[in-house]
Each structure stands twice: as C-alpha cells, then as structure tokens.
Amino acid sequence: MSFPVTRLRRLRKNPILRNMISETSISVNDLIMPLFVCPGTNVNNPISSMPGNSQLSIDLLVEECGKLLAVGVKSVLLFGIPESKDETGEVACGHNSIVQKAIRAIKERFGDEILIVADVCNCEYTTHGHCGTIVDGDVDNDLTLVTLAKQSLSLAQAGADIIAPSDMMDGRVKKIREILDENGFSHTPIMAYSAKYASGFYGPFREAAESAPKFGDRRSYQMNPANSDEAMREIALDIDEGADIVMVKPAMSYLDIIRRTKDTFNIPIAAYSVSGEFSMVKAAAANGWIDEERIMMEIITSIKRAGADIIITYFAKEIAEVLNRK
Ligand code: PBG
C-alpha cells in the first residue's frame, strides 16, 4: 500500500504515540562511567580537554562513585595513573598498585551495589606509553601477554567484577581466561576490547591517563579504521578464546561495525563512546553551536540502535540525570 493510503506521519502526531512506537530506549542499566584514579588524597586534577572529568585520588573517587549511584549509574570502568612507571607495566600488577587499591576502597564502601570493570592495559604504566613490552622498536605480543595476565589476576584479586583487556594483543583473552581459572576466578567475566581501532578519537584520553606513546603510534596493534571484515575475525577469535562480552571502540564512527557484530554473533556487545566523541560535543556546546543535551541523547540512542547492549560513556551521569527527569 502506498501514498495516499499509507501516511507514515500519522504515527508521529504526538509524543505519546511517538514514544509508544519507539524502537530504541536507553536505561541507566546500559551505562558504564569511566573514571581516572591517581595517587594522593583530596586530589582533583581537572582534565582540560574533557570538561567535567578529573583525575581523582581514591577518597574523591569513592565519593564520585556515590554520586553516580545516587543517579542510578551502577557501573564504573577504572583507569589508573600510577606514582611511577616502568618498562613493562609491572607497576600495575601489585597488591598495592593504584587501581587495585581503588577497587578495594570502592568495594569496602559500596560492596556489590556497584559493578567495577577494570581496564587491563600497559600504556598508562609504561615509560614509553605503549601498550606492551618493547622489543626492537615494536610491542612484542607474547611477552606482553605475561604482564597482561599478571595485571588481570591482581585486579580480580582486588575485587574487580569484570576484566576488560584493551591492549589488542593476539591471544590475550585466552591467556587471561587461563590465569583467572587457575586461581579461582572462573566466575569473573572478560569484556574484551575486541574491535579496537587505531583512532584519533583517543586524543583527550591520553591527556587524562597520561598514556600517549613517546614514539610512533599504535597502528601495529590496534585496527585499521578502514576494515570491517577484520573486526569480525577479531571478535570471532575473542569469543573462541572465552570473551563473555565483546566491545567495539570507538562508537560513533563505527556504528556499522556494531550493527554487523549484532547481526553476526549472539553475544552481549559493549560500545565505547570515547574521549574525542565526548570532547567534540562539549566543545561545540561551549561555543553555543549545538544543543548539548539533545545531541548527547541522540548519540547514545544511535549507539543503542546500532546494536550495543552496554555503552561506556563519559556522559553516563548526565544521561542518567536526563532519564531521571523524564
Ligand atoms: C588503553 C585505552 C585507551 C582508551 C581506553 N583504553 C587509549 C588508547 O588505546 O590509546 C581510550 C579511551 C578514550 O579515548 O576514551 N589502551
């Protein structure tokens, strides 16, 4: 049936009708808020390129978790800024490493009210800023697996609810699954950054996490933004190695990858709306060029519509506030 019998505008007549036939909805349950933890007490170092976000010492981090819980955001993703760095990222593998201490403090205060996802990578912890151990000017895959596994186990022991490797080494999900299982953490899920692209959108994060590579770039381990078939191979391998949740990152320029993942695999999908996506909106809004709240909700809706079940976003608290108002 076509026009004039069919008129799609009929169902757009008023908000009740529009909401009734809405195909996509956002819930606070979908959201994960990334947070940056640094040494010290009462430290709040604002991240200039990410307005509203700061490096927080553990005491203030715990307070921030309380504020997130108060608006209904029940999950956080932790990144650490260590006291000192080393060649291989060993500083991130100890009982008293920064994120491990933060996890214990948050759990002590909030227990299972909050879900803690621990990012696993070496770039915040190495002097050179690369995601692994350098041999002959490049990251050595298999040597890096050793520190990643060690870091993962230590984070699980500290109380992390989910382990999320973001390094893009081959075989890391398998290695992490093995070490977790061997040490009594067979119930700890792995959220793998499976299709993680070598993206310019990570710029502000590298200021936040002090993790910019000192030489070269990450193109020898992160994916080429031109590739989609390869993303399906990465995801298939991670699922095969034991990933419980797969991730596509960044989100906004990679909605096609999210959709293709949804159509190809039957597994929960996380999408990471990264720092650059956040900062662009904040900058344009600060200039009065866009309606920030409207754009924020439109972006999050598009990521969900593309097929993401879980969305990691620096807007998590602001989105929750909008949802609570409605
Ligand atoms: C660590 C890591 C990065 C991000 C998350 N984990 C940076 C990178 O790969 O350089 C980026 C997150 C963001 O931009 O918000 N490997």
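Data block above holds the structure.
The following paragraphs examine the structure supplied in this document. Given the structure is predicted, the values throughout are model-derived calculations rather than measurements.

Moving on, we get to the site of the ligand. Taken together, 18 residues form the shell around the ligand, and within it Lys196, Arg206, Lys249, Ser275 and Tyr314 come nearest. Gln222 places a side-chain nitrogen or oxygen 2.9 Å from an oxygen atom of the ligand. In this structure, a nitrogen atom belonging to the ligand sits 3.3 Å away from a side-chain N or O atom of Lys249. Taken by itself the ligand offers 390 Å² of open surface, and the protein chains cover 100% of this. Tallied by class, the residues present in the shell around the ligand amount to 10 nonpolar, three polar and five charged.

Take the pairing of strand β12 (residues 310–313) next. Here β12 shows two buried faces, one formed by Ile310 and Ile312 and the other by Ile311 and Thr313. Bridge count for strand β1 (residues 31–38) against β12 is two bridges, and the pairing is parallel. In the sheet register, Leu31 faces β12, and the bridge partner there is Ile311. Across four bridges, strand β11 (residues 269–273) lies against β12 in parallel orientation. Paired with Ala270 across the bridge in β12 is Ile310.

Turning our attention to helix α5 (residues 172–182). Taken together, the buried positions of α5 are Arg172, Val173, Ile176, Arg177, Ile179 and Leu180. Where the residues of α5 are buried, they touch α4 (141–158), β8 (162–165), β9 (191–196) and α7 (229–241).

This paragraph deals with a positive patch on the surface. Among the surface-exposed residues, Arg7, Arg9, Arg10, Arg12 and Lys13 lie close enough to one another that they form a single positively charged patch. Along the chain, Arg9 falls in the segment before α1 (15–20). By relative accessible area, which is 70% here, Arg9 ends up exposed.

What follows concerns the packing of helix α9 (residues 275–286) against helix α10 (residues 292–306). Working note: a packed helix pair is described by the angle between its axes plus the distance between those axes. Between α9 and α10, the least distance of the axes is 10 Å, while the angle of their chain directions is 160°. As summarised for this structure, α9 and α10 are arranged roughly antiparallel, according to the angle between their axes. For the pair α9 and α10, the crossing hand works out as right-handed. Seen from α9, the contacting residues are Val281, Lys282 and Ala285; seen from α10, they are Glu292, Ile295 and Ile299. In terms of residue class, the contact of α9 with α10 is built from four nonpolar, no polar and two charged.

Each aromatic ring pair is summarised here by two numbers: the centre-to-centre distance and the angle between the ring planes. In this structure the tally under the stated criterion is nine aromatic pairs. With a centroid separation of 5.8 Å and 55° between ring planes, the pair formed by Phe278 and Tyr314 is classed as tilted. With Phe278 in helix α9 and Tyr314 in the loop between β12 and α11 (316–325), this residue pair connects regions lying 36 residues apart in the sequence. In this structure Phe278 comes out as buried when scored by relative accessible area, which is 2%. Where Phe278 meets Phe315, the ring centres are 4.6 Å apart and the plane angle is 55°; that geometry is what we call tilted. With Phe278 in helix α9 and Phe315 in the loop between β12 and α11, this pair connects stretches of sequence that are 37 residues apart. Ring pairing ties together the aromatic residues Phe36, Phe79, Tyr193, Phe205, Tyr272, Phe278, Tyr314 and Phe315, which thus form one cluster. Above the ring of Tyr202, the side-chain terminus of Lys249 is found at 4.6 Å from the ring centroid.

Moving on to the pattern of salt bridges. All chains considered together, the criterion is met by 17 salt bridges. Glu90 is paired through a salt bridge with Lys150; the nearest N and O atoms lie 2.9 Å apart. Placement of the pair is Glu90 in the loop between β4 (75–80) and α3 (98–110) and Lys150 in helix α4, with a sequence separation of 60 residues. A salt bridge links Lys107 to Asp161, with the nearest nitrogen and oxygen atoms 2.7 Å apart. With Lys107 in helix α3 and Asp161 in the loop between α4 and β8, the pair connects residues that are 54 residues apart, well separated along the chain. Note on Lys107: relative accessible area 17%, which makes it buried. On the basis of relative accessibility, which here comes to 21%, the residue Asp161 falls in the partly exposed class.

Calculation criteria
Here, residues in each chain are numbered from 1, in the same order as that chain's written sequence. Under the rules for a predicted model, residues below a pLDDT of 70 receive no local features and side-chain atom pairs below 80 are neither given nor counted, while totals for whole chains, interfaces and linings still include all residues. Calculation of side-chain values draws on the structure's entire complement of heavy atoms; hydrogens and water are dropped beforehand. The criterion for a residue being near a molecule or strand is simple. One of its heavy atoms has to lie within 4 Å of it. Two N or O atoms count as a polar contact when they lie within 3.5 Å, although within protein this holds only if one can serve as hydrogen donor and the other as acceptor, and sequence-adjacent residues are included solely when both atoms are side-chain atoms. Per-residue accessibility takes into account occlusion by the displayed protein chains alone, with areas from the Shrake-Rupley method and a 1.4 Å probe. Put simply, Ala, Val, Leu, Ile, Met, Phe, Trp, Tyr, Cys and Pro go in the nonpolar bin, Asp, Glu, Lys and Arg in the charged bin, and everything else, Gly too, in the polar bin. Partly exposed residues are those whose accessible area sits between 20% and 50% of the maximum for their type, while under 20% is buried and over 50% is exposed, using a 1.4 Å probe and protein chains only. Secondary structure counts use DSSP, requiring at least four H or I residues in a row for a helix and at least two E residues in a row for a strand, with both numbered from the N terminus. Only strands joined by at least two bridges in the DSSP assignment are considered to pair. In this description, contact between two residues means that some pair of their heavy atoms is separated by no more than 4.5 Å. Patches were defined on residues exceeding 30% relative accessible area and lacking a salt bridge, with like-charge contacts within 9 Å and nonpolar side-chain contacts (Val, Leu, Ile, Met, Phe, Trp, Tyr) within 5 Å. A carboxyl oxygen of Asp or Glu within 4 Å of a side-chain nitrogen of Lys or Arg is what we treat as a salt bridge. In this charge count, Lys and Arg are treated as positive and Asp and Glu as negative; neither His nor the chain ends contribute. Charged groups are reduced to one reference atom each: NZ for lysine, CZ for arginine, CG for aspartic acid, CD for glutamic acid. Only the stretch in contact is used when a helix axis is fitted, and all axes are lines through C-alpha atoms; the angle between N-to-C directions ranges over 0 to 180 degrees. If an angle is under 35 degrees, it is roughly parallel; if it is over 145, roughly antiparallel; if it lies from 65 to 115, roughly perpendicular; otherwise it is oblique. Crossings are assigned a handedness: left-handed for a near helix turned anticlockwise from the far helix by less than a right angle, right-handed for a clockwise turn. The criterion for an aromatic pair is that two Phe, Tyr or Trp rings (for Trp, the six-membered ring) have centres within 6.5 Å, with stacked assigned to planes under 30 degrees apart, edge-to-face to planes over 60 apart and tilted to the rest. In our convention, an over-ring charge means Lys NZ or Arg CZ found within 6 Å of a ring centre and within 35 degrees of that ring's normal.

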